[in-house]
Amino acid sequence: MLLVTVSDLCRGFVVSSERASRDINGQTTGVCERWSSDQNNTFESRHQSLYCERLLHIAKKSLICHSCNTIRENWHKILCADPVKVQSKENLKRKRREDTMDRAELIQKLKEERRLKNNALRRERYLRKKINEGMLVFDNEDNDDFTKIFEKVGEDKVPDNFKLMWKEQAKALSVKGSSGNRWHPMVIRLCLSVWNRSPEAYSELSQSGMLRLPSGRLLQYYKNAVPQHEGFNEEVLQWMEQEATKIQLSEDGKCGGIILDEISIQEDLQMKKVNGSNQLVGFVALGQENEDIEQICTE
């Protein structure tokens, strides 16, 4: 006969809230139970994992199993997580168009935008403070020496891209409004490359205040300069040929193939103007090539 004492059982851990614990997918991982206390015959709330091992290993001196201990270590995050707030954020991510939101969602979106703005201002103040702390102030004599040293650097020793960036920054600082500046194509190309890889990283760099960069809306205009449609796009192929000619690519280098790495489909209807008339974009369309193949298969 095997005798099991109370000390051999995992009783979870004492909690003040009877909230159930959940994983990142929203599945319940633990619940609260009321246990009788050994003192004064009172009851206390204890949280236990649904995968609790119940019986503790003899070799281990711990009073709680591994599954319950994992929840206990993250219990503070579980208490701080507001399920209503998390759900509202998920709804905002699903519905980004304001015309499809109700009043509560619009208010929540406004609060979220204010929070992001305050965080950006706080981050800007922090970066400015760090930059000011890292800068050194020299006396007039040392300052004159540094000025003479930089003036002696010949323009032939400075890379062209470096000079171009400095000129563009000086021009952007001299313009009062953000819409009055005209950026060099090389700067647009560099910023567009960074923005395509990570819009968040580009926004972080732009909001840091260390560089004056084109806005994301302007880059999006450049990105959408070539109209997109289903099937093979002749304008995209012509653009590829122009880029290859611009960089003086050899004829052998122009031979290649197209590899489809991954694709993401956004479910949405948008209005765009084509030759002065409005057109709805977003309906299912597989292109003329697919229609020709289906017609051949049915004949």
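An unreviewed UniProt entry annotates the protein as Transposable element P transposase-like RNase H domain-containing protein originating from Paramuricea clavata.

Chemist: How should the environment of M240 be read in this particular structure?
Modeler: Along the chain, the position of M240 falls in helix α10 (residues 234-246). A relative accessible area of 41% places M240 in the partly exposed class. Taking C-alpha positions, M240 is 9.4 Å from K254, a pair spaced 14 residues apart along the chain.

Chemist: Which parts of the structure should I look at to understand the packing of aromatic side chains?
Modeler: Geometry of an aromatic ring pair is reported as the spacing of the ring centres plus the angle between the planes. Overall, the coordinates contain 1 aromatic pair when judged by the stated rule. With centroids separated by 6.1 Å and ring planes inclined at 70°, the aromatic side chains of F162 and W166 adopt a geometry described as edge-to-face. Separated by 4 residues within a single helix, F162 and W166 lie in helix α6 (residues 160-174), roughly one turn from each other. With a relative accessible area of 56%, W166 lands in the exposed category.

Chemist: Looking at this structure, I do not really get a negative patch on the surface. What am I missing?
Modeler: Taken together, the side chains of D139, E141, D142, D144 and D145 define an acidic patch exposed on the protein surface. The class of D144 is partly exposed, set by a relative accessible area of 42%.

Chemist: Please clarify how the sheet that holds strand β4 (residues 43-49) should be interpreted in this entry.
Modeler: Paired through their backbone hydrogen bonds, the strands of a sheet run either parallel or antiparallel. Spatial ordering of the open sheet is given by β1-β4-β3-β2, a layout of 4 strands whose pairing is antiparallel. Among the strands making up the open sheet, the edge pair consists of β1 (13-14) and β2 (21-22). When β2 meets strand β3 (residues 28-36), the two strands line up antiparallel, connected through 2 bridges. Bridge assignment links S21 to a residue of β3, and that residue is G30. The strands touched by helix α1 (residues 66-73) are β1, β2, β3 and β4; relative to β4, the strand with the most contacts, the crossing angle is about 105°.

Chemist: Would you mind going over the packing of helix α7 (residues 185-197) against helix α9 (residues 216-223) with me for this structure?
Modeler: When two helices pack together, you describe them by how their axes are tilted relative to each other and by the distance separating the axes. At a minimum axis separation of 10 Å, α7 and α9 run at an interaxial angle of 95°. As far as their axial angle goes, α9 and α7 are roughly perpendicular. Contacts between α7 and α9 involve I188, C191, L192, W195 and N196 on the former and, on the latter, G216, L218, L219, Q220, Y222 and K223. Here the contact of α7 with α9 is built from residues that sort into 7 nonpolar, 3 polar and 1 charged.

Chemist: Could you clarify how one ought to interpret the pattern of salt bridges in this entry?
Modeler: Between side chains of opposite charge, a pair can form when the charged atoms approach closely. For the coordinates displayed, the defined rule picks out 8 salt bridges. Between K254 and E251 there is a salt bridge, with the nearest N and O atoms lying 3.7 Å from each other. When its relative accessible area of 36% is taken as the criterion, K254 is described as partly exposed. Through salt bridges with shared partners, a single network forms among R189, E243 and K246.

Chemist: Would you take a moment to explain a nonpolar patch on the surface for this structure?
Modeler: A contiguous nonpolar patch, built from L136, F138, F146, I149, F150 and V153 and spanning about 650 Å² of accessible area, is present on the exposed surface. Along the chain, the position of I149 falls in helix α5 (residues 140-151).

Chemist: What exactly am I supposed to notice about the state of the cysteines here?
Modeler: Among covalent bonds in proteins, the disulfide is the one between the sulfur atoms of two cysteines. A full pass over the atoms with the stated rule returns 0 disulfides. With no disulfide of its own, C65 lies 3.5 Å from the sulfur of C68, the closest cysteine sulfur.

Chemist: Quick question: what am I supposed to make of unusual backbone geometry here?
Modeler: Trans is the common state for peptide bonds, and a negative phi is the common state for residues other than glycine. Look at Q248: it is not a glycine, yet its phi comes out positive at around 60°. Within the fold, Q248 resides in the loop between α10 and β5 (270-274). In this structure Q248 comes out as exposed when scored by relative accessible area, which is 72%.

Chemist: Can you help me understand the confidence of the model for the protein in this one?
Modeler: For residues with low pLDDT, the predicted coordinates do not support detailed interpretation. Model confidence for the protein is summarised by a mean pLDDT of 76, while 79% of its residues fall at 70 or above. Mean pLDDT values for the elements of the protein range from 48 in helix α3 (residues 83-94) up to 87 in α7. In this model, residues 1-6 is a region of pLDDT below 50 whose contacts with residues beyond four sequence positions or in other chains number 4 contacts. Low confidence marks residues 84-95, where pLDDT is under 50. Its contacts with residues over four positions away, or in another chain, come to 10 contacts.

Chemist: Explain the pairing of β3 here, please?
Modeler: Every other side chain in a regular strand lies on the same face of the sheet, so the side chains alternate between the two faces. Strand direction decides the pairing type here: β3 and β4, joined by 7 bridges, are antiparallel. Residue S36 lies in a different strand from β4, and its bridge partner there is F43.

Chemist: So what exactly am I meant to see when it comes to the pairing of β4 here?
Modeler: With 5 of 7 residues buried, β4 lies mostly within the body of the structure. Inspection of the sheet shows β1 paired to β4 by 2 bridges, in the antiparallel sense. Within β4, the position partnered with F13 by the bridge is H47.

Cut-offs used in this document
Residues numbered from 1 in each chain as written. Predicted model: local features only at pLDDT ≥ 70, side-chain atom pairs only at ≥ 80, totals over all residues. Heavy atoms only, no water. Helix = DSSP H or I, 4+ residues; strand = E, 2+ residues; numbered from the N terminus. Buried < 20%, exposed > 50% of the residue type's maximum accessible area, 1.4 Å probe, protein only. Phe/Tyr/Trp six-rings, centres within 6.5 Å; stacked < 30°, edge-to-face > 60°. Patch = residues over 30% accessible without salt bridge, like charges linked within 9 Å, V, L, I, M, F, W, Y side chains within 5 Å. Areas by Shrake-Rupley, 256 points an atom, 1.4 Å probe, with all protein chains shown as cover. Salt bridge = Lys/Arg side-chain N within 4 Å of Asp/Glu carboxyl O. Lys, Arg positive; Asp, Glu negative; His and termini not counted. Charge placed at Lys NZ, Arg CZ, Asp CG, Glu CD. Pairing = 2+ DSSP bridges. Contact = heavy atoms within 4.5 Å. Axes fitted to C-alpha atoms, helices over the stretch in contact; angles between N-to-C directions. Parallel < 35°, antiparallel > 145°, perpendicular 65-115°, else oblique. Nonpolar A, V, L, I, M, F, W, Y, C, P; charged D, E, K, R; others polar. Disulfide = S-S within 2.5 Å. pLDDT = per-residue confidence, 0-100.

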